[in-house]
Protein chains: 2
Amino acid sequence: MSLIVQKYGGSSVADAESIKRVAKRIVETRKAGNEVVVAVSAMGDSTDELLDLAHQVTPIPAPRELDMLLTAGERISMALLAMSIRSMGHDARSFTGSQAGMITDARHGQARIVDVTPGRVRDALDEGAIAIVAGFQGFNRGTGDITTLGRGGSDTTAVALAAALNADVCEIYTDVDGIFTADPRLVPRAKKIDRISSEEMLELAANGAKVLYIRAVEYARRHGVTLHVRSSFNNNEGTIVYNAPDVDPARDPENARENSESPVEEPLIAGVATDLSEAKITVVGVPDIPGKAAQIFNIVAKTGANIDMIVQNVSAASTGLTDISFTLPKSDGQSVLTALTAEQGDVGFKALQYDDQIGKLALVGAGMRTNAGVSAKLFTALYEAGINIEMISTSEIRISVVTRADTVNDALRVVHAAFGLDAESDAIVHGGTGR
Amino acid sequence: MSLIVQKYGGSSVADAESIKRVAKRIVETRKAGNEVVVAVSAMGDSTDELLDLAHQVTPIPAPRELDMLLTAGERISMALLAMSIRSMGHDARSFTGSQAGMITDARHGQARIVDVTPGRVRDALDEGAIAIVAGFQGFNRGTGDITTLGRGGSDTTAVALAAALNADVCEIYTDVDGIFTADPRLVPRAKKIDRISSEEMLELAANGAKVLYIRAVEYARRHGVTLHVRSSFNNNEGTIVYNAPDVDPARDPENARENSESPVEEPLIAGVATDLSEAKITVVGVPDIPGKAAQIFNIVAKTGANIDMIVQNVSAASTGLTDISFTLPKSDGQSVLTALTAEQGDVGFKALQYDDQIGKLALVGAGMRTNAGVSAKLFTALYEAGINIEMISTSEIRISVVTRADTVNDALRVVHAAFGLDAESDAIVHGGTGR
């Protein structure tokens, strides 16, 4: 008997009919002889509706109360899902984050999981029931208060339960067929990826692929959880996100075997992601003396902004000055500009430039580690398409480039084709994504 | 410093504007130097909307899951109310039934309170905060499951908190100005009652007055809680429901003084209530031998039906047969008829008559205990208006009569006037009632 954790996003449980459809799928999984734990998001847009209500009451809702409010959403969907399953003749019990033992720190709105004690979930399974757990929510032991996990919280709930219960697989149901070599809305010939390593998946997620949240992938990687990203609208196999071969074979021999085989089968490139949510700040005329970069990024770090790419120009010997550019989410732009301007005299730079018309393209694949030609092929493809590269950054399994925002989609199609990722026919695309 | 528990029904928190209005009222109570605990119902029709959703998923929702679902309603209203108060610069914290220590038995949908341990509520008050508690919901220690208290549950939550916290008063906010001598929608000249004893209030509630639920009044009476029923739409004084003078004067001298004075000030009649929700069953031709009535009502009791009035005709000596009539909620009618029919041979009655076109009128007042003329005055008023009386039942502080359904509203107006209850002008009526 396998233990399967399934996660259903908001678009999969948007109304009563969808809930019944999902219930049927869960019952089929149970009937096939598996133990089933489900993490479920709030119905459709209901979280946004609750947020609207909060903002009608006050422009800045108290975080503790906002968490209390928002967790009502999953309470509704999980109870409806459990009663739907019961009406089909199978035992099912819903559990809040607190009942399921999702213990977090006290940071309302973005709590981190500190412990998972799913005793009641395990008991329900032992009694033959299907356990339905509210996604996105947790509980702080110190304050006794309800917390929420922030963006992608339901994915994290599912993965954390899978890890704590030692599940065989964690299935992430969504409204697309899996992870694609590129966003099928931008590249119709994008191919579904059958298998991808968690480190490649991390790079794709960090570079704009929106199907899986980076946090859930990190959690899965750290705890050796195998993910299966698939559609709740059909029965197709989706994408398996497997872990590095350091998984203990004794714990899960089948999984370990798959992992050890994977590097051989692996294609050179897993996929290409693009991101239009970032801006570029250039600090112009920085004195080229030791410690200046550290000083600048200490100022930036104090704002809490997430820096992505950093490029420092070669210093012009004649002036003794250099330029430092970095990318960051547009939403962090203003606070970083303000912080740097306040310290301009101390740092001694000449000016700041802000550019929010950039696009980022990231090519991801474990295969590129040992293949020196990947960069050359990428730059050639972009050059031949007349697309200018403004910044470059590389990791062992990723190359990112920054271009003008209005050329990044062209760049995506050109690169996707150049690396032989195009499928023979167009992918099918559904709309929307869940929480 | 007084401790005041306030309860707001669904119509008082129907939308964001109403919530802000209620928040302002709560803040004013706090500013006046009181400690404030609030029990709140779900917003407007949201409980019905959740029920609709459940019935879209399954015709018979599992009770545990239905409770999990419905409790989302108060979670939403209490969080919004707390954040609204906080936005006005006062500390406020919302608590679920479980967090507030509302411990119940495990009967989902109609749980009874077995203990109230409001430690977190008391702590919040001690730290100067206003405590907002979800009405209608509780928690069973044995199963660890969420429960709901059934109809009028939020009133019960408020009264139970008032009792456990030894509150000075429990204010029940509603959309009418208080308890009236009759329903103002039926008798425009009905007068607001300033003070009424809890036993009179019990009789009125049991006989169709819908402003307060009988269960909350019973709880208040048993625990010596003074109720103040008033409108959330104005600042008028409402109706004080006081307890019998057996309240310990040492515990609450002011309350005890009021109570000991009250019987003197009390008017003869507190009010008149009518009820169209009952039906009458007559068991025709019952052998007039000992034990037959017991046999019949044992059969009825097994169906779980709530019997109200019972009348047994004087036996006709010639036949040795008698008729027994009783009233009960129309919703219980079918099951009782079925149960009695099944035992007809054993009991030996001749036939059953079912009549759902009856109306009940109840005249309530502690003053009638010592006033023999009340019955005569009641019967005379009805006779002069040409209204036929079909059944009569009396208690120490109540006289009930059954008439045809289509004459009961006329009866109400006639009796209201005959006992001098009419005001000099019409009462103002708002629509709807909360949970």
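Residues numbered from 1 in each chain as written. Chains lettered and ligands numbered in written order. Predicted model: local features only at pLDDT ≥ 70, side-chain atom pairs only at ≥ 80, totals over all residues. Heavy atoms only, no water.

- For chain A, an unreviewed UniProt entry supplies the name Aspartokinase and the organism Subtercola boreus.
- According to its UniProt record, chain A has this under Catalytic activity (unreviewed entry): "L-aspartate + ATP = 4-phospho-L-aspartate + ADP".
- Taken from UniProt, the Sequence similarities (unreviewed entry) comment for chain A reads in full: "Belongs to the aspartokinase family." (UniProt positions renumbered as here; feature names shortened; annotations may be inferred.)

### Points about the overall build of chain A
- Along its length, chain A carries 13 helices and 20 strands.
- For chain A, the C-alpha radius of gyration of 23 Å lies close to 22 Å, the compact-globule estimate for 435 residues.
- By principal-axis analysis of the C-alpha atoms, chain A measures approximately 80 × 50 × 40 Å.
- A total of 435 residues make up chain A; the buried ones form 56% of that total.
- At a minimum sequence separation of 6, the contacts of chain A that also span at least 24 residues come to 74%.
- Of the roughly 17700 Å² of accessible surface on chain A, 50% is carried by carbon and sulfur atoms.
- With 41 positive and 56 negative side-chain charges, chain A shows a spacing of 3 Å between the two charge centroids. (Helix = DSSP H or I, 4+ residues; strand = E, 2+ residues; numbered from the N terminus. Rg over C-alpha atoms; globule rule 2.2 N^0.38 Å. Buried < 20%, exposed > 50% of the residue type's maximum accessible area, 1.4 Å probe, protein only. Contact = heavy atoms within 4.5 Å. Areas by Shrake-Rupley, 256 points an atom, 1.4 Å probe, with all protein chains shown as cover. Lys, Arg positive; Asp, Glu negative; His and termini not counted. Charge placed at Lys NZ, Arg CZ, Asp CG, Glu CD.)

### Considerations on the relation of the copies chain B and chain A
- The two copies are related by a screw motion: chain B maps onto chain A through a turn of 180° and a shift of 0.0 Å along the axis, at an RMSD of 0.1 Å. The operation mapping one copy onto its partner corresponds to a two-fold rotation axis. Of the C-alpha atoms belonging to chain B, the one lying closest to the rotation axis is found on B:A72, 2.4 Å away.
- Of the interface residues in chain B, 100% have counterparts in chain A that sit at the interface too, so the contact is made through matching surfaces. (Least-squares fit on C-alpha atoms with pLDDT ≥ 70 in both.)

### As for the sheet that holds strand β3 (residues 92-95) of chain B
Residue and element names in this part refer to chain B.
- Strand order in the open sheet made by the eight strands is β3-β6-β2-β1-β9-β11-β12-β10, with mixed pairing throughout. Edge strands, defined here as strands with exactly one partner in the open sheet, are β3 and β10 (195-197). The average angle at which neighbouring strand axes cross in this sheet is 20°, direction not considered.
- Bridge count between strand β1 (residues 3-8) and strand β9 (residues 169-174): five bridges; the pairing is parallel. Note that in β9 the partner of Q6 across the bridge is E171. (Pairing = 2+ DSSP bridges. Axes fitted to C-alpha atoms, helices over the stretch in contact; angles between N-to-C directions.)

### Here's the deal with the packing of helix α2 (residues 46-57) of chain A against helix α3 (residues 63-87) of chain A
Residue and element names in this part refer to chain A.
- Two elements in contact, α2 and α3, have axes separated by 9 Å at closest approach and are oriented at 150°. Here α2 is positioned roughly antiparallel relative to α3, judged by the angle of their axes. The two elements α2 and α3 cross, and the hand of that crossing is right-handed. Residues T47, L50, L51 and A54 of α2 pack against L66, L69, L70 and G73 of α3.
- Tallied by class, residues from the contact of α2 with α3 come to six nonpolar, two polar and no charged. (Parallel < 35°, antiparallel > 145°, perpendicular 65-115°, else oblique. Left-handed = near helix turned anticlockwise from the far one by under 90°. Nonpolar A, V, L, I, M, F, W, Y, C, P; charged D, E, K, R; others polar.)

### Focus: the confidence of the model for chain A
Residues and elements named next belong to chain A.
- A residue-level look at chain A finds 91% of positions with pLDDT of 70 or above and a mean pLDDT of 88.
- Between residues 246-266, whose pLDDT stays under 50, and residues either more than four places distant or in other chains, the model counts 22 contacts.
- Below a pLDDT of 50 lies the segment residues 431-435, which in the model reaches 18 contacts outside its immediate sequence neighbourhood of four places, other chains included.
- Across the interfaces of the predicted complex, the ipTM metric reaches 0.77, alongside a pTM of 0.80. (pLDDT = per-residue confidence, 0-100.)

### Some remarks on the sheet that holds strand β14 (residues 278-287) of chain B
Residue and element names in this part refer to chain B.
- Strand order across the open sheet formed by four strands is β15-β16-β14-β17, with antiparallel pairing between neighbours. Of all strands in the sheet, those with a lone pairing partner are β15 (310-312) and β17 (351-355), marking the two edges. Averaged over neighbouring strand pairs, the angle between their axes works out to 15° when direction is ignored.
- In terms of strand pairing, β14 meets strand β16 (residues 321-329) through eight bridges, oriented antiparallel. Looking at the pairing, T282 lines up with S325 of β16.
- Against the sheet, helix α9 (residues 292-302) engages β14, β15 and β16, with an angle of about 25° to β16.

### Some points on the nonpolar core
- If you look at the biggest cluster of nonpolar residues, it comprises 72 residues, and the most contacted ones within it are A:L80, A:L81, B:L80 and B:L81.
- Sequence-distant contacts of A:L81, defined by excluding residues within four places in its chain, comprise A:I19, A:V22, A:A23, A:I26, A:V38, A:V40 and A:I132. (Core = buried A, V, L, I, M, F, W, Y, C linked by side-chain atoms within 4.5 Å.)

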